[in-house]
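Structural features, examined
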Amino acid sequence: MKSPAIELIPLGCFAILLAFAGAVFFDSGVWPSYGNPDPKDTAFASLIPLIMAVVTTGVLASLLGGGWRLVQRMKGQVFTLKSDGLLTTGALLWLTDLSLLFTSNHSLINWMLD
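Computed from a predicted model, the values in this text were never measured in an experiment.

Describing the confidence of the model for the protein
Should the pLDDT be low somewhere, the predicted coordinates at that spot are not to be read in detail. Across the protein, pLDDT averages 84, with 91% of residues at or above 70. Within the protein, helix α1 (residues 5–28) carries the highest mean pLDDT (90), whereas helix α3 (residues 81–103) carries the lowest (82).

Next up, the structure:
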């Protein structure tokens with residue numbers, strides 16, 4: 001039986017980003033959005049390079065994992081609901097945040113890139 005560790009990467013990375021945003025929220029009293037508060041002005045500014053690496057990993061894992069799954073499905077391989085569900089959930093969370101990046105100021109990625 002294959003370990004679902006690879007499928008957990010997008011979901012885990014998004015959870016780390018949310019935990020960082022939650023820590024900033026409890027420190028500043030404002031849910032992070034573009035420029036409010038500036039990530040570099042928070043008590044957790046030293047973690048920004050690590051969080052940006054997590055964001056990059058999460059987005060790339062979602063894109064590459066989804067593409068790999070598509071290729072495997074076209075070859076006729078069947079996956080379990082558990083592993084498909086984990087990867088799909090993580091990828092949808094990143095996709096939602098990426099869509100907010102281009103449509104509003106409420107994307108966590110937008111806030112981190114500030």
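And the narrative resumes.
Structural notes on a nonpolar patch on the surface
Together, Leu18, Phe25, Phe26 and Trp31 make up a nonpolar patch on the protein surface, roughly 450 Å² of accessible area in all. Mapped onto the elements of the fold, Phe26 is located in helix α1. Judged by relative accessible area, Phe26 falls into the exposed class, the value being 73%.

Focus on the pattern of salt bridges
With the rule as written, the count across this model stands at 1 salt bridge. The partner of Asp38 in a salt bridge is Lys40, with the nearest N and O atoms 3.3 Å apart.

Some words on the packing of aromatic side chains
The tally for this structure, following the rule as stated, stands at 5 aromatic pairs. An angle of 90° between the planes, with centres 5.0 Å apart, marks the rings of Phe14 and Trp94 as edge-to-face. Within this pair, whereas Phe14 is found in helix α1, its partner Trp94 is found in helix α3, the two being separated by 80 residues in sequence. Trp94 shares its class with Phe14; the two are buried. One aromatic cluster in this structure is built from Phe20, Phe44 and Trp111.

Section: the nonpolar core
Within the largest apolar cluster, 17 residues are counted, with the highest numbers of intra-cluster contacts made by Leu17, Phe20, Val55, Trp94, Trp111 and Met112. If you tally residues by element for this core, the top one is α1, at 6 residues. Apart from the residues within four sequence positions on either side, Phe20 is in contact with Phe44, Leu47, Ile48, Ile51, Trp111 and Met112.

Reading the values: the criteria
Residues numbered from 1 in each chain as written. Predicted model: local features only at pLDDT ≥ 70, side-chain atom pairs only at ≥ 80, totals over all residues. Heavy atoms only, no water. pLDDT = per-residue confidence, 0-100. Helix = DSSP H or I, 4+ residues; strand = E, 2+ residues; numbered from the N terminus. Patch = residues over 30% accessible without salt bridge, like charges linked within 9 Å, V, L, I, M, F, W, Y side chains within 5 Å. Areas by Shrake-Rupley, 256 points an atom, 1.4 Å probe, with all protein chains shown as cover. Salt bridge = Lys/Arg side-chain N within 4 Å of Asp/Glu carboxyl O. Buried < 20%, exposed > 50% of the residue type's maximum accessible area, 1.4 Å probe, protein only. Phe/Tyr/Trp six-rings, centres within 6.5 Å; stacked < 30°, edge-to-face > 60°. Core = buried A, V, L, I, M, F, W, Y, C linked by side-chain atoms within 4.5 Å. Contact = heavy atoms within 4.5 Å.

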